[in-house]
Amino acid sequence: MLRFILADLRRAWPGALAIALIIAFATALGITVTLQERALRLGSARAADAFDLVIGAPASETQLVLSSVFLQPAPLPLMPGAVMGELAADPRVAWAAPIGFGDAHEGWPVVGTTGALIDGLGGIAKGQGFARLGDAVVGARVPMAPGDTFHPVHAELAAEGEVHQGTTYTVRGVLSPTGSPWDRAILVPIEAVWQSHGMEAGHDKEGDARHHEGALDADQPVNPAAVAAPNAPGVPAIVVRGHTIADAYNLRQHYRGDRSVAVFPAEVLTRLYGTLGDARSVLSAVAIAAQALVAAAVLLVALLHVTQRQRQIGALRAFGASRGVIFLIVWGEVALIAAAGVAAGIGLGWLAARLISARIEAASGVAMPVEFAASDLGLVLGLLAAAGACALIPAAIAYRQSPAAALRG
Amino acid sequence: MARLAIRNLVARFPGLDQPALDVPAFDLDAGARIALRGPSGSGKTTFLNMLTGLARVPEGHVTWDGIDLATLGEGARDRWRAANVGLVMQDFHLFPGLSALENVLLPRRLRWRGAEKGAREEALGLLRRTGVPRPDQPVETLSRGQSQRVAVARALLGRPAILVADEPTASLDAEAGAAVGALLTDLARETGATLVVATHDPELIERIGRVAHLTAGRLAA
């Protein structure tokens, strides 16, 4: 029986292949939506994992997380420099590091920070950390090696090409890969950012990016105490890790006020996922509609096919094949094509999600884990069951065909 | 051995006053041979459908060896036909994509229990006997005469007691038609099958020896 089905498929392979491909594309659509949404969710959650808490000036919490976790360039208001000093002295804090944005080099964001962040992100893979103000550490995806030098450009003005001519950094080390956007970052001492932007301690110009150009003394040693000084310049964000989860909760409570706001990246992401989830349900609905359309089209083709082959089906009956066997042959043939289509669609969907994820990964640095979950089994079984159910209709029509009527045809 | 007795067989088509088929009584001894003649529309196909259980017997009795097809349901008729009837049709109904041997075996293999042991050897023997030189040849590449030989071999697999052919030589040239006609009659004699052939082929009619005329649904021997 199987041999007969296979011989029939071999004979009609172009049509069978076309139908299997249409089913595969419809399946792939649904699989890709599911996998890609999951990859975005897991990827962003893992990217945010390094930081318990992000503290910034009272403004958009979402923007604070997007800027600090995903390095999305945006003007953030500055916090008083004293906050960093308080955090550095706080016994609940395991480590805290200021981050100052604003510069870039060939599209790679240059971020001012301290050695604490380097350790917090997983440490140096190659070379060494900051010793002098002119030192830089690059993320794993930045195409620079220890010994390379560069002049950062002020990000907002990058299009106009304003280079900090007086500022030269030398790459000293490369970060271990983190699978987060920080793999695309160039880290420099935050004191160097202050110096090159003319924001020395005590001359803090709150929130204004229009600063006068300063020169960087690249050989001046890094002074870890400078960032914790009470009169330190303001910073847009501080990332913090507490000793325990309870500490992190206490810190979040403590630093929410009129001076600063503290958020768990996770809480902001959860809100974003809510939006993402809505988009996913819309896309899933579109995918299901596409699958239903394809099912209808395939059903139509199957019905035409069965009607066209009345005589052949009648002949099988005339030669002694029972109605049950005919039913099984037609059902098996349609179900086999559909199952092959669904199987190919799973692979195709996975491949599409991988390709999309690779592009997002290259652009954002966020590692996108494309993986199947147990719940996908339900989706696949559902599709197979629907295909099997659809195949019943042409099979039933073949079953009801009289062998005599078929031969007269 | 199969003996046929038809009593009061009447078949009508909707919308027609005259019955398509009206056979008060018709008998055939086991192993008998008969050619069935009649213009198209005379009810030949309907008659063959009744004989072979392809269609339900609407009125009357078609009894083969005591089994009245009128009393059998569709599934039971399928089973009875599979066990007792070999069919040869005008346009062969071979299934492309399969070899000659696979075509002969197909009706057996499409049973729930599959083909019995020895069916393959029997099929090979029948293909030899019907003069098909290469059993593994795909049927699409066979000539019409060869195709009908394969169809005859298929009809004879399992030594059915009844052999029914519908215009078996009509789509063949004279030479191939004569060969197939000879095969049918010879093999029916060798196996003792009751042979019923609807045909217009005078040579085949002569070979069969006995002819019944079907006109407007009425049978005259």
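Looking at an unreviewed UniProt entry, chain B carries the name ATP-binding cassette domain-containing protein, with the source organism given as Amaricoccus solimangrovi.

As annotated in an unreviewed UniProt entry, chain A carries the name FtsX-like permease family protein and is attributed to Amaricoccus solimangrovi. Under the UniProt heading Subcellular location (unreviewed entry), the entry covering chain A gives this text: "Cell membrane".

1. Some thoughts on the interface of chain A and chain B
Between chain A and chain B, the contact holds 27 residues from the first and 24 residues from the second. Counting the surface chain A buries against chain B, the share from its top three residues, Arg3, Phe4 and Phe319 of chain A, is 24%. Remark: the boundary between chain A and chain B carries 4 salt bridges. Across the pair Arg323 of chain A and Glu74 of chain B runs a salt bridge, and its minimum N-O distance is 3.7 Å. Counting across the interface, chain A meets chain B through 5 residue pairs in polar contact (both at pLDDT 80 or more).

2. Quick word on the sheet that holds strand S8 (residues 194-198) of chain B
Residues and elements named next belong to chain B. As summarised here, the arrangement of the 6 strands in space is S6-S7-S8-S3-S9-S10, forming an open sheet in which the pairing is mixed. A strand with exactly one partner marks an edge of an open sheet, and here the two such strands are strand S6 (85-89) and strand S10 (218-220). Going from strand to strand, the sheet's axes swing by 20° on average, the running direction of each strand aside. In terms of strand pairing, strand S3 (residues 33-37) meets strand S9 (residues 211-215) through 3 bridges, oriented parallel. Bridging from a neighbouring strand, Leu36 pairs with Ala212 of S9.

3. With respect to the UniProt feature "domain: ABC transporter" (unreviewed entry) in chain B
Under the UniProt annotation, "domain: ABC transporter" (unreviewed entry) lies at residues 4-221 of chain B. A helix fraction of 37% and a strand fraction of 23% characterise residues 4-221 of chain B, whose end C-alpha atoms lie 15 Å from each other.

4. A word on the sheet that holds strand S5 (residues 67-68) of chain B
Residue and element names in this part refer to chain B. Strand order in the open sheet made by the 4 strands is S2-S1-S4-S5, with antiparallel pairing throughout. A single partner strand is all that each edge strand has here, and the edge strands are strand S2 (21-28) and S5. Sheet topology places strand S4 (residues 61-64) next to S5; 2 bridges connect them, and they run antiparallel. Bridge assignment links Trp64 to a residue of S5, and that residue is Ile67.

What counts as what
- Residues numbered from 1 in each chain as written.
- Chains lettered and ligands numbered in written order.
- Predicted model: local features only at pLDDT ≥ 70, side-chain atom pairs only at ≥ 80, totals over all residues.
- Heavy atoms only, no water.
- UniProt positions renumbered as here; feature names shortened; annotations may be inferred.
- Contact = heavy atoms within 4.5 Å.
- Buried area = accessible area lost by both parts, 1.4 Å probe.
- Salt bridge = Lys/Arg side-chain N within 4 Å of Asp/Glu carboxyl O.
- Polar contact = N/O pair within 3.5 Å; in protein donor to acceptor, adjacent residues only side chain to side chain.
- Pairing = 2+ DSSP bridges.
- Helix = DSSP H or I, 4+ residues; strand = E, 2+ residues; numbered from the N terminus.
- Axes fitted to C-alpha atoms, helices over the stretch in contact; angles between N-to-C directions.

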